[in-house]
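Coordinate inspection notes
What follows is the residue order along each chain.
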Amino acid sequence: MIKTLLTGTALAAGLAVSTAVASPGHGDGIGEPGDAAQVDRTITVEMDEMNFSPETIEVAPGETVRFEVVNVGRAVHEFNIGTSETWNGHLGEMRTMMREGMMTMRSINHDRMMEAGMMHDDANSVLLAPRDTGEVIWTFPEGGEIGFACNVPGHREAGMEGDFRMGHDS
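Residues numbered from 1 in each chain as written. Predicted model: local features only at pLDDT ≥ 70, side-chain atom pairs only at ≥ 80, totals over all residues. Heavy atoms only, no water.

As recorded in an unreviewed UniProt entry, the protein chain goes by Copper binding proteins, plastocyanin/azurin family and comes from Roseisalinus antarcticus.

This is the structure in structure tokens:
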């Protein structure tokens, strides 16, 4: 009985830890991964040196949007849907990725990321090397203040952040 209780407690603690760290770029209240078969529209977002185009995107509650994200810049950039809170929580992972050589300002080393178990594959985010294209399919919540930002160290701090204007018809 004691062994079973300890095993169950250890399992529950392990699950709690894995849930807490499995998705550092993700957050509550920002919406959810969208279904590709239910996309309402596609929006192209370009990332350049320290800016997004467009910088503001109007979305409707419950709308599912396919973001075609294009890095037209010369540096690695990220498109990450979230809030200041989720971005601040994600910053440590991004700093570790830079420090450990999983990415540099100009390239992404997917093999090193895989070895470290840091694949950076959250549904609300895409990390792109220069001239690469990626996609995020996202269903927006009924309300709230969310935006998009680049969490490569120093980029959001330099102004690489955009806003979703909620509540508008698509």
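Our next topic: the overall build of the protein chain. Helix and strand counts for the protein chain stand at 3 helices and 10 strands. When burial is assessed residue by residue, the protein chain has 39% of its 170 residues classed as buried. Considering only intrachain contacts with a sequence separation of at least 6, the fraction spanning at least 24 residues in the protein chain is 74%. About 9000 Å² of surface is accessible on the protein chain, with carbon and sulfur atoms providing 51% of the total. (Helix = DSSP H or I, 4+ residues; strand = E, 2+ residues; numbered from the N terminus. Buried < 20%, exposed > 50% of the residue type's maximum accessible area, 1.4 Å probe, protein only. Contact = heavy atoms within 4.5 Å. Areas by Shrake-Rupley, 256 points an atom, 1.4 Å probe, with all protein chains shown as cover.)

Strand order in the open sheet formed by 5 strands is S1-S8-S5-S2-S3, and the pairing between neighbours is mixed. Edge positions in the sheet fall to strand S1 (32-33) and strand S3 (51-53), since each has one partner strand and no second. In this sheet, strand S8 (residues 133-139) lies alongside strand S5 (residues 64-71) in antiparallel orientation, the contact comprising 7 bridges. What sits directly across from Val69, in S8, is Gly134. (Pairing = 2+ DSSP bridges.)

On the secondary structure map, Phe164 appears in strand S10 (residues 161-166). Relative accessible area serves as the criterion here: at 7%, Phe164 is assigned to the buried category. Along the chain, Phe164 and Phe148 lie 16 residues apart, while their C-alpha atoms are 7.6 Å from each other. Each residue touching Phe164, except ones within four places of it in the same chain, is listed here: Ile57, Val59, Phe67, Phe79, Ile81, Phe140, Ile146, Gly147 and Phe148.

Covered by surrounding structure in strand S7 (residues 125-128) are Ser125 and Leu127 together with Val126 and Leu128, the residues of both alternating faces. Bridge analysis of strand S6 (residues 77-82) against S7 gives 4 bridges, and the strand direction is antiparallel. Within S7, the residue paired with Phe79 across the bridge is Val126.

To continue, consider a negative patch on the surface. A grouping of Glu55, Glu145, Glu161 and Asp163 is seen on the molecular surface, where their side chains present a negatively charged patch. Here Glu55 lies in the loop between S3 and strand S4 (56-59). (Patch = residues over 30% accessible without salt bridge, like charges linked within 9 Å, V, L, I, M, F, W, Y side chains within 5 Å. Salt bridge = Lys/Arg side-chain N within 4 Å of Asp/Glu carboxyl O. Lys, Arg positive; Asp, Glu negative; His and termini not counted. Charge placed at Lys NZ, Arg CZ, Asp CG, Glu CD.)

Structurally, the position occupied by Asn80 is in strand S6. Its relative accessible area of 1% is what places Asn80 among the buried residues. A distance of 3.3 Å separates polar atoms of two side chains, one belonging to Asn80 and the other to Ser125. (Polar contact = N/O pair within 3.5 Å; in protein donor to acceptor, adjacent residues only side chain to side chain.)

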